[in-house]
Each structure stands twice: as structure tokens, then as C-alpha cells.
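Geometric and topological summary
The primary structure of each chain is shown beneath.
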Amino acid sequence: DGGITQSPKYLFRKEGQNVTLSCEQNLNHDAMYWYRQDPGQGLRLIYYSQIVNDFQKGDIAEGYSVSREKKESFPLTVTSAQKNPTAFYLCASSQKTSGVTSTDTQYFGPGTRLTVL
Amino acid sequence: AQKVTQAQTEISVVEKEDVTLDCVYETRDTTYYLFWYKQPPSGELVFLIRRNSFDEQNEISGRYSWNFQKSTSSFNFTITASQVVDSAVYFCALSEANTGGFKTIFGAGTRLFVKA
């Protein structure tokens, strides 16, 4: 079945450690995204990538890093510079559409819940 | 700047009641897209509907219906004859075409409780 997988489902980190969250999709989508969700709040965009080897900062990129070496993979590293990393992290993908006036629906993975101890 | 407001933080209904979730948006773009997603307790966001700014037709899908009104910048979602399985957080979202569709803004969500 086509879809987006995220691992691990739960992740615990000690302060000062970097951790990497995995996101893989087999939908053949060009674009991928990382969002952060805090309790009672909506989603905030961390990073997005339109194509392989390219990515752009979202609204809250500080303390995070990403890479896009393969079309199907978009891992997110939460660095020790991120002051308050405890949150629910969601990865999404969408088919890149041509033209500036087009967009496409984002489909989401099951999420990773990160807790800093 | 784009903004999405979901004024209802939580709604509680009894099974079989109808319920409407409100969504008000702000945008300066003439071409934009509106979405609704459902987030059940498992956490994954499930896509429900997408609407572009040129299509104001209301849509019905089973027990779900959506009312898009550009005059009031609203995109409301109604569940008819609610069921316990409808209990979830529902997000309204907006994407402007001038961002290439890559910057989707989400509302804070409305948590719906449907009691048996």
C-alpha cells in the first residue's frame, strides 16, 4: 500500500542530544514537509522540500535540520539548539504541480511524539 | 498575511446530533485553497476535502458537507447525524497560490466529542 511512514512512534531524548526522525513515502511525491504540533495548537511548518537536494526553511526552522538525498526520504534532525523540542512531529508529502498558481493536497504520516527528559 | 481562525476550541454533542465546525480565513491572494483534515486520537491527519477559491459550490460527501462562502471568508464543515467515530480534532487550513502551495497555514483545530 502507498503511504507515508514515520519512525519511531515515540522517542525520548536527553537534553543536549541530537535526534533524527525518519520519514519515508512511497507515493512518488516530489514535495515533502515537516510540521510541529504542540498541545491544543495547530501545525507549524518547520522545513519543506520541493525536489531532491533542495529544501527551504519554514516558520520555525531554528534548532532543526533536514536533508533530502532521496525522493522518498526526508529525515528531520532535532538538534540540541532547539530550546523546547518536546512535541508531536508530523511529516507530509504532496505531488508537486507545475505553475505558480497550483497546489496539491498534503498527505500525512502517523507522526512521532518526541519527549525530552 | 494568511490566517485561519477556528473559534470553537471544543464541541460536545450527543450521537445523532448535527454539528457545524466553523472556519474563517484571511488572505490577500485571489487564488487560494482551503482544506479540512481530521485528526483522530491516533494522531495522523486524514485529508477530508480541498476547495479552490473559484469554486463556491457546496459539497456533500455522505454525512459530511461543506459550506464555502467567499463573502464572509468562511469554510464551514457540518457533520450530520454524528457518530462516536467522528470524535477527533478537526483542522481547517489555507494555502495561497502565490506561495506555490508550499506554505499551508492551519487553524488551531476544533476538538469534537461525540457521546453515545
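Residues numbered from 1 in each chain as written. Chains lettered and ligands numbered in written order. Predicted model: local features only at pLDDT ≥ 70, side-chain atom pairs only at ≥ 80, totals over all residues. Heavy atoms only, no water.

**Remarks on the overall build of chain A**
Quick reminder of the rule: Elements are defined by DSSP. Helices are runs of H or I of four residues or more, strands are runs of E of two residues or more, and each kind is numbered from the N terminus. Only C-alpha atoms enter the radius of gyration, while the globule expectation follows 2.2 Å times N to the 0.38, with N the number of residues. When a residue's accessible area, from a 1.4 Å probe over protein chains only, is under 20% of the maximum for its type it is buried; when over 50% it is exposed; and in between it is partly exposed. Shrake-Rupley sampling with a 1.4 Å probe provides the accessible areas, and residues are treated as covered by the protein chains on show and by no other component. In this charge count, Lys and Arg are treated as positive and Asp and Glu as negative; neither His nor the chain ends contribute. In plain terms, the charge of a residue is placed at NZ if it is Lys, CZ if Arg, CG if Asp and CD if Glu.
Looking only at helices and strands, one finds zero helices and 11 strands in chain A. Here the C-alpha radius of gyration of chain A, 14 Å, is about what a compact globule of 117 residues would show, namely 13 Å. Burial analysis of chain A (117 residues in total) assigns 49% to the buried set. As displayed, chain A offers around 5,700 Å² of accessible surface, 47% of which is attributable to carbon and sulfur atoms. A distance of 6 Å separates the average location of the 12 positive side-chain charges in chain A from that of its 11 negative side-chain charges.

**A closer look at the sheet that holds strand E7 (residues 64–66) of chain A**
Residue and element names in this part refer to chain A. Filter applied, for reference: Between any two strands, at least two bridges found by DSSP are needed for them to pair. Think of each axis as a best-fit line through the C-alpha atoms, taken over the contacting stretch in the case of a helix, with angles from 0 to 180 degrees between the N-to-C directions.
Taken in spatial order, the four strands line up as E1-E3-E8-E7 in an open sheet, and their pairing is antiparallel. Two strands close off the open sheet at either side, each with one partner strand: strand E1 (4–7) and E7. Looking at each pair of strands side by side, their axes are set apart by 20 degrees on average, direction ignored. Across three bridges, the pairing between E7 and strand E8 (residues 76–78) is antiparallel.

**Concerning the interface of chain B and chain A**
Worth spelling out the cut-off: Throughout, a residue-residue contact means that at least one pair of heavy atoms, one from each residue, lies within 4.5 Å. Accessible surface is computed with a 1.4 Å probe, and the buried area is the amount of it that two parts give up when combined, taken over both parts together. Here, a salt bridge means any Lys or Arg side-chain nitrogen found within 4 Å of an Asp or Glu carboxyl oxygen. Under the rule applied, a polar contact is a pair of N or O atoms within 3.5 Å (in protein, one hydrogen donor and one hydrogen acceptor; residues adjacent in sequence only if both atoms are side-chain atoms).
Taken together, the contacts link 24 residues of chain B with 28 residues of chain A. For the pairing of chain B and chain A, the buried interface totals around 2,000 Å² over both sides, and the portion due to carbon and sulfur atoms is 55%. Taken as a group, B:Phe102, B:Lys103 and B:Phe106 account for 30% of the area that chain B buries against chain A, more than any other trio of residues on that side. The interface formed by chain B and chain A holds zero salt bridges in total. Applying the counting rule to chain B against chain A returns three residue pairs in polar contact (both at pLDDT 80 or more). Among the elements that take part in the side of chain B that touches chain A, strand E5 (residues 32–39) of chain B stands out by supplying four residues, more than any other.

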